[in-house]
Amino acid sequence: MTDSPTPRPPSSETAAVGAHLAGGFLAALVLVLPLGATLGTTTYGALYLWFLGGVALVAVLGLLLRLAGVPRGLGVALAAAGAFSVAAPIALAVVAGIGAPADDAVVALAAGIPAAAVAAPVAAVVVRFADSARGAAAVGATACAAGLLVASLAGPEAGQAVLEDREDAERVAELEASGLQPLLPRLEGTVTDFASTTYTTPPGGARTLSGYTLRYEPEGAEGPLTLESPYLFLDVQLADGTPVCEPIDGYLTCREGDGYTVIGRDGVDEDVVAEDGAVRLSASLHNAGEGMPDADAVGRAMADAEVVDWEEILDLEG
């Protein structure tokens, strides 16, 4: 009759769990460095090199943990790397959603520290499924490989979200500095898209943003936009002090509405103009055919244009 294995004392068990948590957090935290580096990469080759560099770094740290007396240190480090690889893209997406800072290092810290905090307990749980240090290393290596696979699939998309959020922030800052207002006329029965921004370069001056253009199409329009499609472009520009309209007998007419002016040529309404402080709104009706509002409906929408956030204007971009 053989004796049963002596159970590990509770204090020893608690110490082991604490060592696993600390070792896992440290291993995951080390990966913040390659995470920040991957945000600055422009090729998949460089991205995968940083992935491999991160694995090598964690493996070395795991061996050091083992030498330092951390039970199953290599397995803990590898498992933490796998869990971090899954948590980091999620954290990056969250950071992008709330507004990514401009510096890669700050983004890596903002996403990496919470990801490391998640990875540590996951690693501590994973290595408990092994019955030896060698088994823990094998389990950790499996978890690391699975995590890297997830990161290789989800990581680039999360990184792109960070870059796009930064670009949007830069565009918003540029628009805010332009002196324009984020005006959004709402035309009933149409779909609105952000078309473009306009820049001007005064003589001897620097190129500056001076306006933006919105495109309106009928709701339910199908297929790509063509020259025959009904649509209208509406420009929001800084007012330059020129007259809105100057009539020409027998050719050009200026019909005043409630806060807007309809410009006609040869008896046909072609343009609508409204001014709101230092901003001038102008819409061209040349291609506004069936399904589009008439000149007065466009004018009323321009006169009643709502001031929104710049983010809402840019979100209209298709």
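Let me begin by describing the structure that accompanies this report.

About the criteria used
- Residues numbered from 1 in each chain as written.
- Predicted model: local features only at pLDDT ≥ 70, side-chain atom pairs only at ≥ 80, totals over all residues.
- Heavy atoms only, no water.
- Helix = DSSP H or I, 4+ residues; strand = E, 2+ residues; numbered from the N terminus.
- Buried < 20%, exposed > 50% of the residue type's maximum accessible area, 1.4 Å probe, protein only.
- Contact = heavy atoms within 4.5 Å.
- Pairing = 2+ DSSP bridges.
- Disulfide = S-S within 2.5 Å.
- Patch = residues over 30% accessible without salt bridge, like charges linked within 9 Å, V, L, I, M, F, W, Y side chains within 5 Å.
- Areas by Shrake-Rupley, 256 points an atom, 1.4 Å probe, with all protein chains shown as cover.
- Salt bridge = Lys/Arg side-chain N within 4 Å of Asp/Glu carboxyl O.

1. Looking at the side chain of histidine 20
Here is step 1: Along the chain, histidine 20 turns up in helix α1 (residues 10-30).
Here is step 2: The exposure class of histidine 20 is buried, given its relative accessible area of 6%.
Here is step 3: For histidine 20, the contacting residues outside a window of four places in its chain are Val70, Pro71, Arg72, Val76, Ala124 and Val127.

2. Examining the pairing of strand β4 (residues 232-238)
Here is step 1: Relative to β4, strand β3 (residues 208-218) runs antiparallel, the two being bridged by six bridges. Its bridge partner lying in β4, leucine 214 is registered against leucine 234.
Here is step 2: Bridge analysis of β4 against strand β8 (residues 279-284) gives six bridges, and the strand direction is antiparallel. Note that in β8 the partner of valine 236 across the bridge is leucine 281.

3. Looking at the state of the cysteines
Here is step 1: Under the counting rule described, the total for this entry stands at one disulfide.
Here is step 2: Between the sulfur atoms of cysteine 245 and its disulfide mate cysteine 254 the distance is 1.8 Å. Taking the torsion about the S-S bond as the criterion, the cysteine 245 to cysteine 254 disulfide, at about -75°, is left-handed.
Here is step 3: The class for cysteine 254 is partly exposed, based on a relative accessible area of 25%.

4. Some thoughts on the pairing of β3
Here is step 1: The buried count for β3 comes to nine of eleven residues, which makes it a mostly enclosed element.
Here is step 2: Relative to β3, strand β2 (residues 190-200) runs antiparallel, the two sharing ten bridges. Across the sheet, phenylalanine 194 pairs through a bridge with leucine 214, a residue of β3.

5. Thoughts on a nonpolar patch on the surface
Here is step 1: Where nonpolar side chains cluster on the molecular surface, the patch consists of Val86, Ile90, Val94, Ile98 and Val150 and spans about 450 Å² of accessible area.
Here is step 2: The biggest single contributor to the nonpolar patch is helix α4 (residues 73-98), with four residues.
Here is step 3: Along the chain, the position of valine 150 falls in helix α6 (residues 133-177).
Here is step 4: Among the residues examined, valine 150 registers a relative accessible area of 34% and is labelled partly exposed.

None of this, on its own, says anything about what the molecule does.
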